[in-house]
Amino acid sequence: MPPLHRVTSLSLALPSPLKPRLVPRRSLFRYRMASTAVLGLKEASLVRTQGFIDGKWVDAKEGGVIKVTNPATTEELGTVPEMGLEETKEAIEAASRAFKTWSKTTAKQRHDILKKFYVLMQEHQDDLARLITLENGKPLAEAKGEHAYSASFIEWFAEEAVRTYGEVIPSSFTQLRNVVIKQPIGVVSILTPWNFPSAMITRKLGAALAAGCTAVIKPPPETPFSALALVELATRAGVPPGVINVVTTQANVSEVGREMCENTAVKKVSFTGSTPVAKLLYGLAASTLKKVSIEAGGNAPFIVFDDADIDAAVEGAIACKFRGTGQTCVCANRIYVQSSVYADFASRLAEKVAAFKVGNGLDKETTHGPLIHERAVEKVERHVEDALAHGAQLVHGGKRLPGAGSFFAPTVLSDVPAHALVNKEETFGPLAALTRFETEEEVIRLANDTPAGLAGYFFSRDVGRVWRVAEALEVGMVGTNTGVISQAVIPFGGIKESGLGREGGHGIEEYMNTKFIAFGGL
């Protein structure tokens, strides 16, 4: 295991990590055997290196595979199939066939299967957390937290399955009775990102299964093993063949994504990822007027008012900005601090960040892991350089870290101008950019000056201000005096260009049709 990097060190540029590539079919067996040994799970059967269609683990028809690497070491973990259009069509057809029977199961039957799935996830939590760390890079303690979050969606939607109530509406006519029922929407396409390899699967899949839908999943090529392990456990829990299907791809992502959005058998698309890709998929799904749920990019403001508890605000900023090494859609991207407490907040934040230890997520001393790949490092680097060029001051970090892996030192910048790139784009990295403000009206204007609207945070002990600012922020979710908002029970989602629909607490409604029935002749 490579040594930890103390974030105070500055370094030269890292060599580019190995790029995923196609591996000839003759090498397939060797790579799969290597993956089981390298991953080091207690139960090796959770390591799945094939796609999953109609209840069968399958290879790509053309024989290609995608190499998956550990972002902390660039070490190869194994391979998954490079699937394409033909496999995607087969997966959709399997899901369509399975929907005819799965949609007829009772809510109690689906509840029971999901509860078994949840229990299996808990029994294998150490292995599932290790998989997250190996393919994503986040520290093991954080991976265990993601696992708990991921499992909570399955538990929540198991109970939601039996709460999909209809209603009786009083009729205007004596001979009519008005009844509303809820029915599963059909086959669902699920496309997920790499930053939460497990939780982004269960947040969508749990709702779909509970509602009575079937699914085709396209996990990210960077982190497919978590998704495949979950499918293995779902199968053990009793999910029938064809109800869940997984298509892994990288080179063929355009044609696979198009088919998942345009195929007429698919009735809903659920996507989490960048705003540009969200717009593309939304356009494709519009060709058949599919129901769509989108959780796209954010640009979250984090505001510290002069009446805030500064220690609590610093802790909130640490949790909000640096969780996942800054690679979360709801993390603070723009940190606004009122002038009278600016210096105090900045110094306390920098002191905390200086104590971070960056390294391999499997090392117990590691507090923060790598970025997912070289492109992510380059974006953080670009944002730092742009801010400094526009007058910002480097307080801490600001450089890549030496050795293998995609590491960038957790960074604090002060006096960042409002027009700097970091305040206009989502960084998705360990960069805390501090901007000074004077009045409540000014900071509300700055916070809302973005097309994104996913999450926002602020710290204040004035109850009137808490209400005013919470209502004024143009976002779907607000954290007041906290930097952590994600839970299975909440309606998770954004406004403006950050998405459509809600997941989690109200999420099952996104996977159901509302049908009105008028009973006449009474």
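### Focus: the environment of glycine 391
Part 1: When you line up the elements, glycine 391 lands in the loop between α12 (374-389) and β16 (393-396).
Part 2: On the basis of relative accessibility, which here comes to 37%, the residue glycine 391 falls in the partly exposed class.

### Focus: the pattern of salt bridges
Part 1: In total, this model carries 29 salt bridges according to the counting rule given.
Part 2: Here aspartate 306 ties to arginine 465 by a salt bridge, and the two come within 3.6 Å at their closest N and O atoms. Of this pair, aspartate 306 sits in the loop between β13 (300-304) and α10 (310-322) while arginine 465 is found in helix α14 (residues 463-472), placing the two residues 159 residues apart along the sequence.
Part 3: Among the salt bridges present, the one from aspartate 344 reaches arginine 348, with a minimum N-O distance of 2.8 Å. Highlighted residues: aspartate 344 and arginine 348, both in helix α11 (residues 339-354), separated by four residues, approximately one helical turn.
Part 4: The partly exposed category is assigned to aspartate 344, whose relative accessible area is 30%.
Part 5: A cluster of three or more residues bridged by salt bridges with shared partners is formed by Asp306, Asp307, Glu440, Arg465 and Arg468.

### Points about the confidence of the model for the protein
Part 1: Confidence along the protein averages 93 in pLDDT terms, with 93% of residues attaining 70 or more.
Part 2: Within the model, pLDDT remains below 50 along residues 1-31, and this stretch shows 79 contacts once partners closer than five positions in the same chain are excluded.

### Focus on helix α5 (residues 140-160)
Part 1: The end-to-end C-alpha distance of α5 is 30 Å, a good match for the 30 Å that 21 residues give at a rise of 1.5 Å each.
Part 2: All buried positions along α5 are accounted for by Ala143, Glu146, His147, Tyr149, Ser150, Ala151, Ser152, Phe153, Ile154, Phe157, Ala158 and Glu160.
Part 3: Structurally, α5 contributes buried residues whose contacts are with α3 (107-123), α4 (125-136), α6 (199-211), β21 (491-492) and β23 (503-504).

### Let's talk about the side chain of histidine 383
Part 1: Among the structural elements, histidine 383 can be located in helix α12.
Part 2: Given a relative accessible area of 0%, histidine 383 falls into the buried group.
Part 3: If near-sequence neighbours (up to four positions away) are discounted, histidine 383 is found in contact with Leu421, Val422, Glu425, Glu426, Thr427 and Leu431.

### As for the sheet that holds strand β7 (residues 177-184)
Part 1: Pairing is antiparallel across the open sheet formed by three strands, whose spatial order is β6-β7-β24. Single-partner strands in this sheet number two, and they are β6 (167-169) and β24 (512-519). Strand after strand, the sheet turns through a mean of 25 degrees between neighbouring axes, direction not considered.
Part 2: As paired strands, β6 and β7 are joined by three bridges and run antiparallel to one another. Considered in β7, the bridge of isoleucine 169 is made with asparagine 178.

### Remarks on the pairing of strand β8 (residues 187-191)
Part 1: Taking burial as the measure, the five residues of β8 include five buried ones, the bulk of the element.
Part 2: Residues Val187, Ser189 and Leu191 line one face of β8 and the alternating positions Val188 and Ile190 line the opposite face, and both faces are buried.
Part 3: With five bridges joining them, β8 and strand β9 (residues 214-218) adopt parallel strand pairing. Across the sheet, isoleucine 190 pairs through a bridge with isoleucine 217, a residue of β9.
Part 4: Regarding topology, α6 serves as the crossover connection from β8 to the parallel β9, and that connection is right-handed.
Part 5: Looking at chain direction, β8 and strand β11 (residues 266-272) are connected through five bridges and run parallel. Across the sheet, residue valine 188 finds its bridge partner in β11, namely lysine 268.

### Quick notes on the packing of α5 against α6
Part 1: Following both chains from N to C, one finds α5 and α6 inclined at 5 degrees, their axes separated by 8 Å at the closest point. Put simply, α5 runs roughly parallel to α6. Packed against α5, whose contacting residues are Glu146, Tyr149, Ser150, Phe153, Ile154 and Phe157, the element α6 presents Ala199, Thr202, Arg203, Gly206, Ala207 and Ala210 at the interface.
Part 2: Tallied by class, the residues present in the contact of α5 with α6 amount to seven nonpolar, three polar and two charged.

### Here we look at the environment of arginine 436
Part 1: Mapping arginine 436 onto the fold places it in strand β18 (residues 431-437).
Part 2: The partly exposed category is assigned to arginine 436, whose relative accessible area is 38%.
Part 3: Taking the C-alpha atoms as reference points, arginine 436 and isoleucine 335, 101 residues apart in sequence, are found 8.6 Å from one another.
Part 4: Not counting residues up to four positions away in its chain, the partners in contact with arginine 436 are Val337, Ser339, Tyr342, Asp415 and Glu442.
Part 5: Within the structure, arginine 436 has its side chain in polar contact with the side chain of aspartate 415 (distance 3.1 Å).

Conventions adopted
Going along each chain's sequence as written, the residues are numbered from 1 onward. Restriction of local features to residues with pLDDT of at least 70 applies here, the model being predicted, together with a cutoff of 80 or more for giving and counting side-chain atom pairs; totals for whole chains, interfaces and linings are based on all residues. Calculated side-chain values reflect all of the structure's heavy atoms, with hydrogen atoms and water omitted. Each helix is a run of H or I in the DSSP string that is no shorter than four residues. Each strand is a run of E no shorter than two, and both are numbered from the N terminus. Working definition: with a 1.4 Å probe on protein chains only, accessible area under 20% of the residue-type maximum means buried, over 50% means exposed, and in between means partly exposed. The term salt bridge refers to a side-chain nitrogen of Lys or Arg lying within 4 Å of a carboxyl oxygen of Asp or Glu. Scored from 0 to 100, pLDDT reflects the predictor's confidence in each residue. Note on definitions: a residue-residue contact is assigned when non-hydrogen atoms from the two residues lie within 4.5 Å. To estimate how far a helix should reach, multiply one less than its number of residues by 1.5 Å. Two strands pair under a simple rule: DSSP has to find at least two bridges between them. Convention adopted: a line fitted to C-alpha atoms gives each axis, helices being fitted over their contacting stretch, and angles between N-to-C directions are expressed from 0 to 180 degrees. Looking down the strands as they point away from the viewer, one classifies a crossover as right-handed if the path from the first strand across the helix to the second runs clockwise. Angles below 35 degrees are treated as roughly parallel, those above 145 as roughly antiparallel, those between 65 and 115 as roughly perpendicular, and all remaining angles as oblique. For this classification, the nonpolar set comprises Ala, Val, Leu, Ile, Met, Phe, Trp, Tyr, Cys and Pro, the charged set comprises Asp, Glu, Lys and Arg, and every other residue, Gly included, is treated as polar. Polar contact is defined as a pair of N or O atoms within 3.5 Å, subject to the rule that within protein one atom must be able to donate a hydrogen and the other to accept it, and that residues adjacent in sequence are counted only when both atoms are side-chain atoms.

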